[in-house]
Amino acid sequence: MNWHFQIKKIPPAAIIGIVLFVIFGISLYIRIALPYSQVFIGDSIWFKGNDPWYHMRLVESLAQNLPHHIYFDPYTYFPHGTAVPWPPFFDWLIVAISWIVGLGHPTLHTMETVAAYLPAILGSLIVIPVYFIGKELFNKWVGIISAALVIMLPGEFLNRSLLGFTDHHVAEALFSTVVILFLILAVKKAREREVSFSHLVNKNWITIRKPLIYTLVAGIFLGIYLLTWVGGLMLVFILFVWLVIQFIIDHLRGKSTDYLCIIGFLTFFIGFIMSAPFLPKTGLSTICRVSLIIAMLAPLALSGISQLMTRKSLKPFYYPVALAGLAGIGFAIFLAANPSLIHSMLSRFSVFAPSVTALTIAEVQPTTLSVAWSSYTTAFFIAFISFGLLIYRSVKEESADKTLFLIWSLIMLIAIFGQRRFSYYYAVNAS
């Protein structure tokens, strides 16, 4: 009886923490213990795939020449050399952890060991943002089930988060999920407190503190994400689409869009200033810089137009019409001024429809139903029912956070039909 009484005294938060810790432990067992003998062989570490070996070349060079990272490698495409397309954060992370573990003097074996374990640890850590996304959107049990599912689903996410798969892919999935989590938190708090520009002007920190902190963290992780993957503009595009749609929804419903402007501008601004110093070295300098500036200025323009039309008492219907017209005019001017840049920016959407040449690479091929089954089993098909329920609840509850999750999930679904490699992203959404 006494034992039963003590169990009842355990706080619910502690029980949730224990359950998440167990899920995290199971994930580490799947990702580390099961493939251990295939990676640590004698005194050697056998990395999985091709790219991990090249990452170790970058890591070793970085460790020997801190803080200088290889951005141009003369040994690739010899004798001409090529620019290294990968941003440096993943390699920085390996070196930083190795430096701590090696007490300031990491050996090559120490760096290889850290690198081998890192994807499994990052892949297991994803249970934390997945749980909180489920909890914030629905309830804690949705969060627990989602966290358990994401570590067990077969397919790309599992494969890329195994011991020895030292590539940046699992880091992409983790960091992008954290960005979405903190944007959901920022939007929820901002709408609950009806955050407006006046709160900023009057420095009403009690009202705006939490939304601003969540936005700051979202922006920081957006910057980290952009420094992790050369294709990071995909997340920028997702957030941009959500902002435009949410601005239109809120304006049509007669609601203030101030909170969207504040959250959108600050998130993109922080991501921009974090990644800007390194953009010239990645080979995507102009495209990234212009895209981020457009994304940064868009919330200001969308908010300004919304406020102007509200003051003029124009019918809400004219707002999306005006946006469409201004977007068309802006595109035409941009195309006339710099057609090559526009074509380069539009070419980034090839991730949704790869070229015939690109389709010769296995991970670039589209997701078929058989591939979907092997990657997600029943979760893939049940997710379509969930999409319907999510659309219904987003409309009924007028929930901006659920709309963000819905748009993120829909675009990732489209992406996996373009390239199966994005399955390691969509594992989170399907869960």
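Residues numbered from 1 in each chain as written. Predicted model: local features only at pLDDT ≥ 70, side-chain atom pairs only at ≥ 80, totals over all residues. Heavy atoms only, no water.

1. Focus on the overall build of the chain
Move 1: Scanning the chain for helices and strands turns up 21 helices and 4 strands.
Move 2: When its C-alpha atoms are laid out on the principal axes, the chain stretches across 75 × 75 × 45 Å.
Move 3: Expressed as a percentage of its 431 residues, the buried residues of the chain come to 48%.
Move 4: When the accessible surface of the chain is totalled, it reaches about 20,700 Å², and 71% of it is carbon and sulfur.
Move 5: Across the chain, the mean location of the 28 positive side-chain charges is 12 Å away from that of the 18 negative side-chain charges. (Helix = DSSP H or I, 4+ residues; strand = E, 2+ residues; numbered from the N terminus. Buried < 20%, exposed > 50% of the residue type's maximum accessible area, 1.4 Å probe, protein only. Areas by Shrake-Rupley, 256 points an atom, 1.4 Å probe, with all protein chains shown as cover. Lys, Arg positive; Asp, Glu negative; His and termini not counted. Charge placed at Lys NZ, Arg CZ, Asp CG, Glu CD.)

2. Some words on unusual backbone geometry
Across residues other than glycine, the phi torsion is negative in most instances, and most of the peptide bonds are trans.
Move 1: Of note, the amide linkage connecting L66 to P67 takes the cis form, showing an omega dihedral of 0 degrees.
Move 2: With an omega of 5 degrees, the peptide bond running from F78 to P79 counts as cis.
Move 3: Note that P79 resides in the loop between β3 (72-73) and β4 (82-83).
Move 4: Positive phi, normally seen in glycine, also occurs at L103, with a value near 55 degrees.
Move 5: Considering the arrangement of structural elements, one finds L103 in the loop between α5 (89-101) and α6 (108-125).

3. Details of the packing of aromatic side chains
Move 1: As enumerated under the stated definition, the model contains 25 aromatic pairs in all.
Move 2: Residues Y36 and F40 carry aromatic rings whose centres are separated by 4.8 Å and whose planes lie at 20 degrees to one another, so their mutual orientation is stacked.
Move 3: You can call Y36 partly exposed: its relative accessible area is 36%.
Move 4: Pairing F47 with W53 gives two aromatic rings, centres 5.2 Å apart and planes at 85 degrees, and the pair type is edge-to-face.
Move 5: Its relative accessible area of 6% is what places F47 among the buried residues.
Move 6: Among the residues examined, W53 registers a relative accessible area of 44% and is labelled partly exposed.
Move 7: Chaining the aromatic ring pairs together yields one cluster made of W373, Y376, F380, F381, F384, F387, F417 and Y426. (Phe/Tyr/Trp six-rings, centres within 6.5 Å; stacked < 30°, edge-to-face > 60°.)

4. Quick notes on α5
Move 1: Compared with an ideal rise of 1.5 Å per residue, which puts 13 residues at 18 Å, α5 spans 18 Å between its outermost C-alpha atoms and is within 8% of the ideal.
Move 2: Close packing links the buried residues of α5 with α4 (51-64), α6, α10 (169-192) and α12 (205-226). (Expected span 1.5 Å × (residues − 1). Contact = heavy atoms within 4.5 Å.)

5. Observations regarding the packing of α10 against helix α13 (residues 233-252)
Move 1: At a minimum axis distance of 12 Å, the contact between α10 and α13 shows a crossing angle of 20 degrees. It follows from the interaxial angle that α10 and α13 lie roughly parallel. Once α10 is placed against α13, the crossing between them reads as right-handed. Only L235, L239, W242, Q246 and D250 of α13 make contact with α10, whose side of the interface consists of S176, V179, I180, L183, V187 and R191.
Move 2: Residues of the contact of α10 with α13, tallied by class, amount to 7 nonpolar, 2 polar and 2 charged. (Axes fitted to C-alpha atoms, helices over the stretch in contact; angles between N-to-C directions. Parallel < 35°, antiparallel > 145°, perpendicular 65-115°, else oblique. Left-handed = near helix turned anticlockwise from the far one by under 90°. Nonpolar A, V, L, I, M, F, W, Y, C, P; charged D, E, K, R; others polar.)

6. Considerations on the environment of K140
Move 1: If you trace the backbone, K140 turns up in helix α8 (residues 140-152).
Move 2: For K140, a relative accessible area of 31% corresponds to the partly exposed category.
Move 3: Between the alpha carbons of K140 and T286 there is a distance of 43 Å; along the sequence they are 146 residues apart.
Move 4: Not counting residues up to four positions away in its chain, the partners in contact with K140 are P12, I16, Y131 and K135.

7. Comments concerning a nonpolar patch on the surface
Move 1: Taken together, L314, F317, Y318 and V321 make up a surface patch of nonpolar side chains, about 410 Å² in accessible area.
Move 2: Among the secondary structure elements, F317 is positioned in the loop between α15 (285-311) and α16 (318-337).
Move 3: Classification of F317 by relative accessible area gives exposed; the value is 57%. (Patch = residues over 30% accessible without salt bridge, like charges linked within 9 Å, V, L, I, M, F, W, Y side chains within 5 Å. Salt bridge = Lys/Arg side-chain N within 4 Å of Asp/Glu carboxyl O.)

8. Thoughts on the side chain of R160
Move 1: Within the secondary structure, R160 is located in helix α9 (residues 156-160).
Move 2: Polar side-chain contacts of R160 include one of 3.0 Å to the side chain of H169. (Polar contact = N/O pair within 3.5 Å; in protein donor to acceptor, adjacent residues only side chain to side chain.)

9. Looking at the pattern of salt bridges
Move 1: Counted according to the given criterion, the structure contains 10 salt bridges.
Move 2: R57 serves as the salt-bridge partner of D73, at 2.8 Å between the closest nitrogen and oxygen. Of this pair, D73 sits in strand β3 while R57 sits in helix α4, placing them 16 residues apart in sequence.
Move 3: We note a salt bridge from R160 to E156, for which the minimum N-O separation is 2.8 Å. With a gap of 4 residues between them, R160 and E156 both fall in helix α9, about one helical turn apart. Neither residue differs from the other here; R160 and E156 are each classed as buried.
Move 4: Overlapping salt bridges bring together K135, E136 and K188 as one network.

10. Considering the nonpolar core
Move 1: By size, the foremost hydrophobic cluster in this structure holds 114 residues, and its most contacted members are Y376, M412 and Y426.
Move 2: Counting residues per element, this core draws most heavily on α10, at 16 residues.
Move 3: Excluding residues within four positions of it along the chain, Y426 makes contact with Y376, F380, A383, F387, S409, M412, L413 and I416. (Core = buried A, V, L, I, M, F, W, Y, C linked by side-chain atoms within 4.5 Å.)

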